[in-house]
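Overview (structure and organization)
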Amino acid sequence: MKRPLAIMVSLLISKIAICEDTSQIQAQFNDAMNSLYSGKAFEASQLLGNLSTKTSSPRILLEYGRALFESNQLKESKRVFKQVLLLKDLPWEVESKVYDYIAMIDQRTGSIGFNVQLISDSNPTNKTSASKIKMFGGWFDVSNDDDLILVGMRYSMFGHLPLNQHGRQSARFLVAVNDYPEAYNDSITSRLEFQSLLPNHSSNSIRLGLESGFSNDVKTFEMPYVGFNFGGRNLSSSWSVDLKFGYMEAIQATAQSGVRDSLSYSYTRYLPDSFRLTTTVDSSYSGAKYDEDKFSTFGLGESYGIPLPFRMTRLDVYGKGELRQHEGINNVFGDRREDQKFIFGVNLVAAGYRFFGMTPTFGLSYTANDSNLAYYSYNKLEAQLSFSR
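Within every chain, residues take consecutive numbers counted from 1 along the sequence as written. This being a predicted model, a pLDDT of at least 70 is required before a residue's local features are given, and a value of 80 or more before pairs of side-chain atoms are given or counted; all residues contribute to the totals for chains, interfaces and linings. As a rule here, side-chain values come from all non-hydrogen atoms in the structure, and water together with hydrogens is ignored.

In this section: the overall build of the protein chain. The secondary structure content of the protein chain amounts to five helices and 16 strands. Should any heavy atoms of two residues lie within 4.5 Å, those residues are counted as being in contact. Taking as baseline every contact in the protein chain between residues at least 6 positions apart, the subset at least 24 positions apart corresponds to 51%. What counts as a helix is a DSSP run of H or I of at least four residues, what counts as a strand is a run of E of at least two, and both are numbered from the N terminus.

A few words on the packing of helix α2 (residues 41-52) against helix α3 (residues 58-70). Axes here mean lines fitted to C-alpha atoms, for a helix over just the part in contact, with angles spanning 0 to 180 degrees between N-to-C directions. With their axes 8 Å apart at the nearest point, α2 and α3 run at an angle of 150 degrees to one another. Considering the angle they form, α2 stands roughly antiparallel to α3. The crossing of α2 and α3 is left-handed. For the pair α2 and α3, contact is made by Ala41, Ala44, Ser45, Leu48, Gly49, Leu51 and Ser52 and by Ile60, Leu61, Glu63, Tyr64, Ala67, Leu68 and Glu70, respectively. In this scheme, roughly parallel covers angles under 35 degrees and roughly antiparallel covers those over 145, while 65 to 115 is roughly perpendicular and the rest are oblique. By definition, turning the near helix anticlockwise from the far helix through less than a right angle yields a left-handed crossing, and turning it clockwise yields a right-handed one.

Secondary-structure assignment places Leu87 in the loop between α4 (74-85) and α5 (92-109). As a C-alpha pair, Leu87 and Ser56 span 31 residues in sequence and 9.6 Å in three-dimensional space.

With that settled, consider the environment of Gly305. Along the chain, Gly305 turns up in strand β12 (residues 295-308). Accessibility expressed as a relative area gives 2% for Gly305, which makes it buried. Separated by 43 residues in the primary sequence, Gly305 and Leu348 have C-alpha atoms spaced 10.0 Å apart. Burial classes: relative accessible area under 20% of the type maximum marks a residue as buried, over 50% as exposed, and values in between as partly exposed (1.4 Å probe, protein chains only).

Its identity as a non-glycine residue notwithstanding, Asn72 has a phi of 65 degrees, on the positive side. Within the secondary structure layout, Asn72 lies in the loop between α3 and α4. Taking the relative accessible area as the measure of exposure, Asn72 reaches 54% and is therefore exposed. Phi is positive for Asn126, which is not a glycine, with a value near 55 degrees.

Moving on, we come to the packing of α3 against α4. Axis separation between α3 and α4 bottoms out at 8 Å; the angle between their running directions is 160 degrees. Taken together, the axis directions place α3 and α4 in an arrangement best described as roughly antiparallel. Classified by chirality, the crossing of α4 by α3 is left-handed. Side by side, α3 and α4 meet where Leu61, Leu62, Tyr64, Gly65, Arg66, Leu68 and Phe69 of the first sit next to Leu74, Glu76, Ser77, Val80, Phe81, Gln83 and Val84 of the second. Tallied by class, the residues present in the contact of α3 with α4 amount to nine nonpolar, three polar and two charged. Just so you know the grouping, Ala, Val, Leu, Ile, Met, Phe, Trp, Tyr, Cys and Pro go in nonpolar, Asp, Glu, Lys and Arg go in charged, and all remaining residues, Gly too, go in polar.

Looking now at the packing of aromatic side chains. Remark: the centre distance and the inter-plane angle together describe each pair of aromatic rings, the angle taken between the planes. Classification of ring pairs uses Phe, Tyr and Trp, with its six-membered ring standing for Trp, and accepts pairs whose centres are within 6.5 Å; under 30 degrees between planes counts as stacked, over 60 as edge-to-face, and the remaining range as tilted. Scanning all chains against the criterion turns up six aromatic pairs. Consider the rings of Tyr375 and Tyr376, whose centres lie 5.2 Å apart with planes at 85 degrees: the pair is edge-to-face. Clustering of aromatic rings is evident, with ring pairs tying together Phe69, Phe81 and Tyr101. For a Lys NZ or an Arg CZ to count as sitting over a ring, it must be within 6 Å of the ring centre and within 35 degrees of the ring normal. Over the ring of Tyr225 we find Lys244; its NZ or CZ atom is 4.4 Å from the centre of that ring. Residue placement shows Arg337 over the ring face of Tyr376; its charged tip is 3.8 Å from the ring centre.

The next thing to look at is α2. Multiplying 1.5 Å by the residue count of a helix minus one yields the expected span of that helix. Taking 1.5 Å per residue, 12 residues should reach 16 Å; α2 reaches 16 Å between its end C-alpha atoms and fits that length. Among the residues making up α2, those that are buried are Ala41, Ala44, Ser45, Leu48, Gly49 and Leu51. One side of α2 carries all its buried residues, which in axial view fall inside an arc of 160 degrees. Taken from the helix axis, the directions to the C-beta atoms give the arc we talk about.

In a regular helix each residue adds 1.5 Å, so 13 residues correspond to 18 Å; α3 covers 18 Å between its end C-alpha atoms and thus fits that length. Those residues of α3 not exposed but buried are Ile60, Leu61, Glu63, Tyr64, Gly65, Arg66, Ala67, Leu68 and Phe69. Positioned one or two residues after α3, Asn72 has a phi angle of 65 degrees, which is positive.

The next thing to look at is the confidence of the model for the protein chain. Of all residues in the protein chain, 90% have pLDDT values of 70 or greater, and the mean over the chain is 85. The low-confidence segment residues 5-18 (pLDDT under 50) makes zero contacts with residues lying over four places distant or belonging to another chain. On a scale of 0 to 100, pLDDT captures the predictor's confidence in every residue.

What follows is about the pairing of strand β5 (residues 169-179). Strand pairing is assigned whenever DSSP identifies at least 2 bridges connecting the two strands. By the bridge criterion, 10 bridges tie strand β4 (residues 150-162) to β5 in an arrangement that is antiparallel. Bridge pairing in β5 places Arg154 opposite Asn178. Adjacent in sequence and paired antiparallel, β4 and β5 are bridged by six residues, among which Gly167 carries a positive phi angle near 70 degrees. Where β5 and strand β6 (residues 187-197) come together, 10 bridges link them in antiparallel fashion. Residue pairing in the sheet places Asn178 in a bridge with Ser187 of β6.

In globular proteins that are soluble, nonpolar side chains generally tend to be buried together. Working definition of a nonpolar core: buried Ala, Val, Leu, Ile, Met, Phe, Trp, Tyr and Cys residues. They are joined through side-chain atoms within 4.5 Å. With 24 residues, the main nonpolar core has Phe29, Leu36, Leu48, Phe81 and Val98 as its most contacted residues. Put simply, the parts of the chain that give this core at least two residues each are α1 (2-37), α2, α3, α4 and α5. Sequence-distant contacts of Phe29, that is, excluding residues within four places in its chain, are made with Leu48, Leu51, Arg59, Ile60 and Glu63.

The subject of this paragraph is the pattern of salt bridges. The working definition used for a salt bridge is a side-chain nitrogen of Lys or Arg within 4 Å of a carboxyl oxygen of Asp or Glu. A complete count under the given rule lists 17 salt bridges for this structure. Its salt-bridge partner being Glu63, residue Arg59 comes within 3.0 Å of it at the nearest N-O pair. Taken together, the positions of Arg59 and Glu63, both in helix α3 and four residues apart, correspond to about one turn of that helix. Of the residues examined, Glu63 reaches a relative accessible area of 7% and is grouped as buried. Taken together, the shared-partner salt bridges connect Asp282, Lys320, Glu322 and Lys341 into one network.

Right, here's the structure in full:
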């Protein structure tokens, strides 16, 4: 009888101790939040930092990152927020808010990142899927059994540098290198732009930039542009609009020079259990010297984000349809080109698993382009394995 009684007393004492610890943690958390709301962010960060060593509570870790941000301890704040992103079953709305804080930190301190991508393309030249095409008024056999699969690498580096204390004006850059086998020309694309946030807005901005392209050390195009970004967010959804107006000077194929204008709209709904649904609508116009080369596009896409029961891993399933219409009659094929393109794909993003500090992503997509001019009809299967930081 004495032994069961001793066990019961021991359990009761342990339960009381746990309750006392919980009460102390709650009291210290309340003190920290009072300090944070009263403008004593540094004092709050010390209290919350101490609490984060005693408990794994997501709320404490999240508020700790916020207190560090408010007290201008930006480097440590970013580290804590990245730790929050690794928490299991993190709701999309919380994840989105954390990314907002990381973006604001990068806005003030600057950032640099890079991406390494292994690419496999079953139809790298978009070779026609037709066996015969009508050209110059007659029919020609274009069947080819050489289905060369492209395997190559793509490297990119990007970043931005704040130009003032709060980062409302910044300089941004991107350099991307496509390294293909000997049968293909290697290419380099670069972009340099200056961005300024609009007054009283943290997400609306105006951009001025210059894009350039090179192939085998020869410049192929240059395009100055101006862009505008608008957006908004609440607990259940977010939206963004991107406008871009440019003029591309094609240095090699000069007849392709002309305006390059685009409009893109995106709307994301945050669903229960950390699912999300994103709708995109975009359109563009490309000018050229001859009407047959001028064309406009209109696209509609859906993406469904599915959280997986692994460390911050998600599956994005997407599909997109695009219409393309040219202005003039193609002199070679005797008709005006009109295309319908469909893209279906999946991306597996393993944000919680890092290799040498880099996040892996695996993607698989299928593209089918149906054109009234058979020469431009094609299909392809692409696979990508990328690591980004």
